[in-house]
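# Report on the structure
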Amino acid sequence: MAPRASWKGYLKLSLVSCPVRLYPATSASERISFNQLHKKTHNRINMKPVDPELGLVERADLVKGYEYEDKQYIIIDDADLDAVRIESNHTMNIEAFVDEDEVDVIYQDAPYYMAPDGAMAEETFAVLREAMRKSGKLAIARLVLSSRERVVTIGARENGMFVCTLRNPNEVRGTAEYFGNIPAGKPDPEMLQLAEALIKQKETTFDPKNYEDRYEVALMTMIREKLKGHKPIIAAAPERGNVINLMDALKASLSQSKPPAKSKSKADEPAKPAAKKAAAGGAPENPLKANLLKAVGKSKK
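Residues numbered from 1 in each chain as written. Predicted model: local features only at pLDDT ≥ 70, side-chain atom pairs only at ≥ 80, totals over all residues. Heavy atoms only, no water.

Soluble, globular proteins show a tendency: their nonpolar side chains are buried together. Formed by 21 residues in total, the largest nonpolar core has its most connected members in Leu11, Leu22, Met92, Met114, Ile154 and Met161. The biggest single contributor to this core is strand β9 (residues 137-145), with four residues. In contact with Leu11, other than residues within four places in its own chain, are Val16, Ser17, Cys18, Val20, Met92, Ile94, Met114, Leu128, Ile154 and Met161. Counting residues in hydrophobic clusters, the runner-up holds five residues, among them Val103, Leu138, Ile140 and Leu166. (Core = buried A, V, L, I, M, F, W, Y, C linked by side-chain atoms within 4.5 Å. Buried < 20%, exposed > 50% of the residue type's maximum accessible area, 1.4 Å probe, protein only. Helix = DSSP H or I, 4+ residues; strand = E, 2+ residues; numbered from the N terminus. Contact = heavy atoms within 4.5 Å.)

What follows is the structure in structure tokens.
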């Protein structure tokens, strides 16, 4: 059975238009969820609206209210909403093109796949797709979803296109409140180099299959065991270990993650001055740096 499109209309660029369909690119239907049951009857609980003064009320008596001040509301009825409703013209009109890396990921919201609607649309669709792919551009367009206008980006993806709705700028929080008090000083160059070496050792190609939701897997395992009448398996909490400083942490990480080298190189030499200084009774300039240097030395032996 073919997937159901969530939107059908036309992708339009100047005088060129192409019938297309949008499909949700993600789904949460496989995510484990729970229902609220009564502890004795195990009947599913119905959530009913309650007024603090009247008690249980009928849903037909509910209205929408906007809180403009604390506990102060203005009533919004269907006529008010109809007055500002944006009529869908079923057209995704491209307004501009931007470089792919210009759209900050924090503005990206809901993802969709876009495909041509019918064989007659395939040629036009392919031309627009490949033009964007070769130029490295994303299209900026608007469309109406659920009576609400959304700004979207459109880009080439495999044989189709990828559409992503964008958050309104006023939904995105600024960084000053969170990052403003973080010192701007540069870290020690040698320690930075060691940290970069650790990153290099752990480089890989991203495959989402390697990063499954372990909590979701544990939940399903527990559910299956309970269905069999078994007691749930309790996972042991990971050991936290002792708290160590950054130099010791980098030392341990590099030692564990890098295989022993076949031969010793001159790259080991930077670790020696700090070791000699310590042996002579003098404290190294920076204990963190000294430990990092030892860590690199051990990882290369």
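A cluster of nonpolar residues, Tyr66, Tyr68 and Ile74, forms a patch on the protein surface that exposes about 350 Å² of accessible area. Here Ile74 shows up in strand β6 (residues 72-76). (Patch = residues over 30% accessible without salt bridge, like charges linked within 9 Å, V, L, I, M, F, W, Y side chains within 5 Å. Areas by Shrake-Rupley, 256 points an atom, 1.4 Å probe, with all protein chains shown as cover. Salt bridge = Lys/Arg side-chain N within 4 Å of Asp/Glu carboxyl O.)

Here we come to the environment of Tyr112. Inspection of the secondary structure assignment puts Tyr112 in strand β8 (residues 108-116). Owing to a relative accessible area of 15%, Tyr112 belongs among the buried residues under this scheme. For the pair Tyr112 and Ser6, spaced 106 residues apart in sequence, the C-alpha separation works out to 9.2 Å. Discounting residues that sit within four places of it in the chain, Tyr112 has contacts with Ser6, Leu22, Tyr23, Pro24, Ala25, Leu145, Met161, Phe162, Val163 and Thr165.

With that out of the way, let us pick up the side chain of Arg129. Tracing the backbone through its elements, the reader meets Arg129 in helix α2 (residues 122-135). Arg129 gets classed as buried once you look at its relative accessible area, which sits at 13%. Only 2.5 Å separates the side chain of Arg129 from the backbone oxygen of Asn159, close enough to count as a polar contact. Excluding residues within four positions of it along the chain, Arg129 makes contact with Ala156, Glu158, Asn159, Gly160 and Met161. (Polar contact = N/O pair within 3.5 Å; in protein donor to acceptor, adjacent residues only side chain to side chain.)

Enumeration over the complete set of coordinates arrives at two aromatic pairs. With a centroid separation of 5.7 Å and 10° between ring planes, the pair formed by Phe206 and Tyr211 is classed as stacked. Each member of the pair, Phe206 together with Tyr211, is exposed. Lying over the aromatic face of Phe162, Arg157 brings its terminal NZ or CZ to 5.2 Å of the ring centre. (Phe/Tyr/Trp six-rings, centres within 6.5 Å; stacked < 30°, edge-to-face > 60°. Lys NZ or Arg CZ within 6 Å of the ring centre and 35° of its normal.)

Let us now look at the layout of surface pockets. Unoccupied space between atoms shows up once a probe the size of one water molecule is rolled over them. In this structure, the largest pocket encloses a volume near 520 Å³. If you go around the largest pocket, you meet 19 residues; those closest to its centre are Arg148, Glu149, Arg150, Val151 and Asn168. Of all the secondary structure elements, the ones that give two or more residues to the lining of the largest pocket are α1 (78-84), β9 and β10 (148-157). A breakdown of the residues in the lining of the largest pocket according to their chemical character gives nine nonpolar, two polar and eight charged. (1 Å grid on protein atoms, 1.4 Å probe; cavity = no way out; pocket = protein on both sides within 12 Å on 5 of 7 lines; lining within 4 Å. Points joined across faces, edges and corners; volume = space filled by probe spheres on them. Nonpolar A, V, L, I, M, F, W, Y, C, P; charged D, E, K, R; others polar.)

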